[in-house]
Amino acid sequence: MSAKDPIDLKQDRRQWLKTSATVLGAAVLPLSRVSTDALPGESQSAQASSAGAPQAAGGEAKSGARFFTPAQHTLIEELSETIIPADSHSGGAKAAKVADFIEQTVRESTDDQQKTTWREGLRLMESMSQHYNGKSFVDASAEEKIAVLKVLSDNEQMTELPEVQFFHELKRLTVRGYYTSKIGIHDELEYKGNRVLMEYVGCGDPTPPTT
Amino acid sequence: MAEPEADLSKKYDAVIIGSGAAGGMAAHVLTTHGLQVLLLEAGKKLNIEQELRSMEWPYDNANRGGLPPGSHSLNHNEYTIRRPPYGPGFEKSKNLYSYIGNSDYAKNIVVNERDNPYTGTNYAWVRARCLGGKTNIWGRLALRLSDYDFKAKDRDGYGENWPISYSDIAPYYDKVDLYLGITGVKENLPYLPDSIFQRPTKLNCAEVTLKQGIQKMGRVLTQYRAGVTTDGLKHNKYRSRCYGRGACSRKGGCDIHAAFDSPTGLIYPAMDTGNLTLRTNSVAREITVDPETGKASGVHFTDSQTMKDYTVRGKAVIVAASTLESARLLLLSKSRLYPNGLANSSGHVGHNFCEHIMGPYVAGQATDLVGKPPTLDDGRPGSFYLTRFRNLAEKHPKFIRGYGFEGGSGSSMFPPGTDSSGFGASFKEEIRKNQGSYIAMGAFGEVLSRYENFVDLDPLVKDKWGIPSLRFHYKFGDNEHRMAEDMKETAQEMFEAAGLKIIFVSDRVLTEGWSIHELGTARMGNDPKTSVLNQFQQSHDVKNLFVVDGSAFVNASCQNPTWTIMALCWRSCDYLADQLAKNEL
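Residues numbered from 1 in each chain as written. Chains lettered and ligands numbered in written order. Predicted model: local features only at pLDDT ≥ 70, side-chain atom pairs only at ≥ 80, totals over all residues. Heavy atoms only, no water.

> Help me understand the interface of chain A and chain B, please; the structure alone is not making it clear to me.
How large an interface is tends to be reported as the accessible area lost when its parts come together. Across the boundary between the two partners, chain A contributes 51 residues, which contact 52 residues of chain B. The junction of chain A with chain B conceals about 4300 Å² of combined surface from both sides, 60% of it contributed by carbon and sulfur atoms. Per-residue buried area on chain A facing chain B is highest for Y191(A), N194(A) and Y200(A); these three make up 20% of the total on that side. For the pair chain A and chain B, the number of links is seven salt bridges. (Contact = heavy atoms within 4.5 Å. Buried area = accessible area lost by both parts, 1.4 Å probe. Salt bridge = Lys/Arg side-chain N within 4 Å of Asp/Glu carboxyl O.)

The structure is reproduced here in structure tokens:
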């Protein structure tokens, strides 16, 4: 893909949705790493939950009842790192454990639509990666990953499309998770507040010492 | 923190309903006069420091400072497309809050909408039922009114004048300043009188750019006048001075109480006099009346936890439940003597409902600050205020009255600019480099007081305690919409004049109620036929009944009301104590 060659998302998606339908029809997901996992969104905990079984309480829930499969978790790590990557200034979404934040947020959500957005969105990202790069998203190079998300970013106003909805949701939770993390607040932004300062800081004033 | 059980068998000198800015002030003034006072609060007494946790880092919070799962706060879109009561359609959320309840620090301060339904026209009604009410999380902008407001009818012929002038209330503004603390800078503006200010905050460089840029237009930008003690208060052991710690822009209150709140600023000191009895979880249902004298005899209330009913007697009853709740309580207090509700021979209770219109704003950037090292901007209790300029010397052709802008700028704990498009390395770098350069401001404009904007009781819907709900009949009018157009234009014009890069300009008007400045439902006046209260917030009809909150306002002005509510209340309670001593109630 080059800049001279803009993507027509609505045209393109017919093709990769076809691919996706074929793959899904065979009940095999284009997740290369862990083929023995339960299907995305159909993990043990989701099944138990939909069957009305009580959720495990407290710390148990955190370790034992994950919403995303390990493969999906890896995919989210790669997606979020593509949204906010590590650079020479600070760590990125992966170092800030944004995928864990997303896991918790979606798992605890009482909004079924949000859960669907994530399940379906992860499938669609895989289909798009297969279509554009010929390989799974997690196996793609950094440039190839960027190329997939750029298709969505360039078409971000097409909010009727589920993959665009997913892109906005991915970006929203990545931003929230990252800029509320230690890395985001202290390393990246070098936030100066939340400590006792003896004097207000005005235009031209040096940052005063803290106590 | 258990209080001694309130003695409900004795007759108090005064029973106050509500513990926010008005109720707290009434408690302070009346106990200082030596009166025996009972203060009833509908909500609970929260362990407020545990709620606010001003210094908590988001990563140390289970939900990064957001609402826990199963809780939802209404957003603008939902207020727009749905009609009250809010509840149906949100079954997935156990707790449903107004828009201000969208953080882990404010969620227990605002009410659960489901328990407290209201009906009628769309309205973002923010209610805080707990000790101190909305003062626990208020925006802290503490402005005075002037005769441009009190005598606005003399200037443009619209509405009514207040029964007082600035000179009547100025000494009481001074008392409030000194007792509670306020930060700001003297500007000598006739339309926005100065307070007795403590140490001011400082403007950052983007704000200085804007201030200088609009000076040639004759417009004034000043430091946010915040109801925050920056030098400390020797007479109050419950409040610390402001230490500029940061995260002041986070929705939630101030856990060291440098920012004024009613419990530490007014109620705890009042309890220390030994003259105040507090009873929380006490939902007032009716102000009772002595059928012989026609005077208020006390308050009938329900314990919100046990659901048991009680009646307590008082020589005077002081209503301070908030503008809309006070109107509701007066309308609920129907009797053979007062079939239209108490203090309502004029038919004006619930009417002349007014507030501030919000929405139009401009967001921009001081591009010379891009890439500069981060500064501490949210360690100030507020950023800036751009004062009113319309209909002062010249008349605007399209609307009457005025508006001011509240602004914010610079770095904050959660960075501005994350809603820009794109992703990846450049997205991340731009957020970092731009974070200190942003500046934005939104307008607050006067909504005219109109008889046809009103609330009444819903004939069918009731709250959790079986009390009839309030029904809204309220819309912004043409004057407000024409003013909103002007807000957008002037916001843009001032950013351009200052050479700020404009990122976004909006003329979208937010849902009615968004300002949380509802006023006017029991207005003061000299004529009992067209007003509910006299100049001392005393009912024209019932001499021992006072309504001391924002419902007494004759017009909304465009200034934030809390400081005026407290100054008026102080004046009225001085009068009340004097009248009680003379046995003239």
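> Even after reading the chapter, I still don't get the packing of aromatic side chains, so can you show me in this structure?
Here a ring pair, both rings aromatic, is described through the centre-centre distance and the interplanar angle of the planes. Tallied over the entire structure, the rule returns 36 aromatic pairs over all chains. Ring centres of F67(A) and F68(A) lie 4.8 Å apart, and the angle between their planes is 85 degrees; this geometry places the pair in the edge-to-face category. In this structure F68(A) comes out as buried when scored by relative accessible area, which is 3%. Consider the rings of Y403(B) and F405(B), whose centres lie 5.6 Å apart with planes at 85 degrees: the pair is edge-to-face. Per residue, the accessibility class of Y403(B) equals that of F405(B), and both read buried. Aromatic ring contacts, followed pair by pair, group Y79(B), Y86(B), Y99(B), Y118(B), Y123(B), W125(B), F353(B), F472(B), Y474(B), F476(B) and W514(B) into a single cluster. The residue whose ring lies beneath R219(B) is F389(B), and the NZ or CZ to ring-centre distance is 3.8 Å. Sitting over the ring of Y310(B), R279(B) keeps its end group 5.0 Å from the ring centre. (Phe/Tyr/Trp six-rings, centres within 6.5 Å; stacked < 30°, edge-to-face > 60°. Buried < 20%, exposed > 50% of the residue type's maximum accessible area, 1.4 Å probe, protein only. Lys NZ or Arg CZ within 6 Å of the ring centre and 35° of its normal.)

> Mind showing me how you'd approach the side chain of D549(B) here?
All names here are of chain B. Structurally, D549 is set in the loop between strand 18 (545–547) and helix 12 (562–581). Here S551 takes part through its side chain, which lies 2.4 Å from a polar atom of the side chain of D549. Beyond its immediate sequence surroundings of up to four residues, D549 is in contact with A22, V319, A320, A321, S322, T323, S326, Q537 and I565. (Helix = DSSP H or I, 4+ residues; strand = E, 2+ residues; numbered from the N terminus. Polar contact = N/O pair within 3.5 Å; in protein donor to acceptor, adjacent residues only side chain to side chain.)

> It is not clear to me how the nonpolar core should be interpreted in this structure. Could you clarify?
Inside soluble globular proteins, nonpolar side chains tend to come together where they are buried. In terms of nonpolar packing, the biggest core is built from 158 residues, with L30(B), L210(B), I287(B) and M441(B) touching the most fellow members. With twelve residues, the single largest contributor to this core is helix 12 of chain B. L210(B) has contacts with L221(B), F384(B), L386(B), I439(B), M441(B), M494(B), F495(B), A498(B) and L500(B), leaving out every residue within four places of it along the chain. Ranked by size, the runner-up nonpolar core spans 43 residues in total, among them L75(A), V138(A), L173(A) and F423(B). (Core = buried A, V, L, I, M, F, W, Y, C linked by side-chain atoms within 4.5 Å.)

> What am I meant to see in helix 4 (residues 70–83) of chain A here?
An α-helical turn contains 3.6 residues, so a residue and the one three or four places further along point in the same direction. With 14 residues, helix 4 of chain A should reach 20 Å at 1.5 Å per residue; the first-to-last C-alpha distance of 20 Å fits that figure. Judged by how many residues are buried, helix 4 of chain A sits mostly within the fold: eleven of 14 residues are covered. Taken together, the buried positions of helix 4 of chain A are A71(A), Q72(A), H73(A), L75(A), I76(A), E78(A), L79(A), S80(A), E81(A), T82(A) and I83(A). Of the surrounding elements, those touching the buried residues of helix 4 of chain A are helix 5 (98–108), helix 6 (112–133), helix 7 (142–154) and helix 8 (162–179) of chain A together with helix 10 (425–434) of chain B. (Expected span 1.5 Å × (residues − 1).)

> Is there a simple way to explain the pattern of salt bridges in this structure?
When charged atoms on two side chains of opposite charge get close, those side chains can pair. In the structure shown here, the tally under the stated rule is 44 salt bridges over all chains. Between D111(A) and K92(B) there is a salt bridge, with its nearest N and O atoms 3.4 Å apart. With D111(A) in the loop between helix 5 and helix 6 and K92(B) in the loop between helix 3 (76–81) and strand 4 (95–97), this pair bridges two chains. Residues D174(B) and R144(B) are paired through a salt bridge, measuring 2.7 Å at the closest nitrogen-oxygen approach. Pair noted here: D174(B) is in helix 6 (residues 166–180) and R144(B) is in the loop between strand 5 (119–120) and helix 4 (147–150), with a separation of 30 residues, a long-range link. In this structure D174(B) comes out as partly exposed when scored by relative accessible area, which is 28%. Under the relative-accessibility criterion, R144(B) is labelled buried at 3%.

Everything listed here is a matter of coordinates, which is why it stays silent on function.
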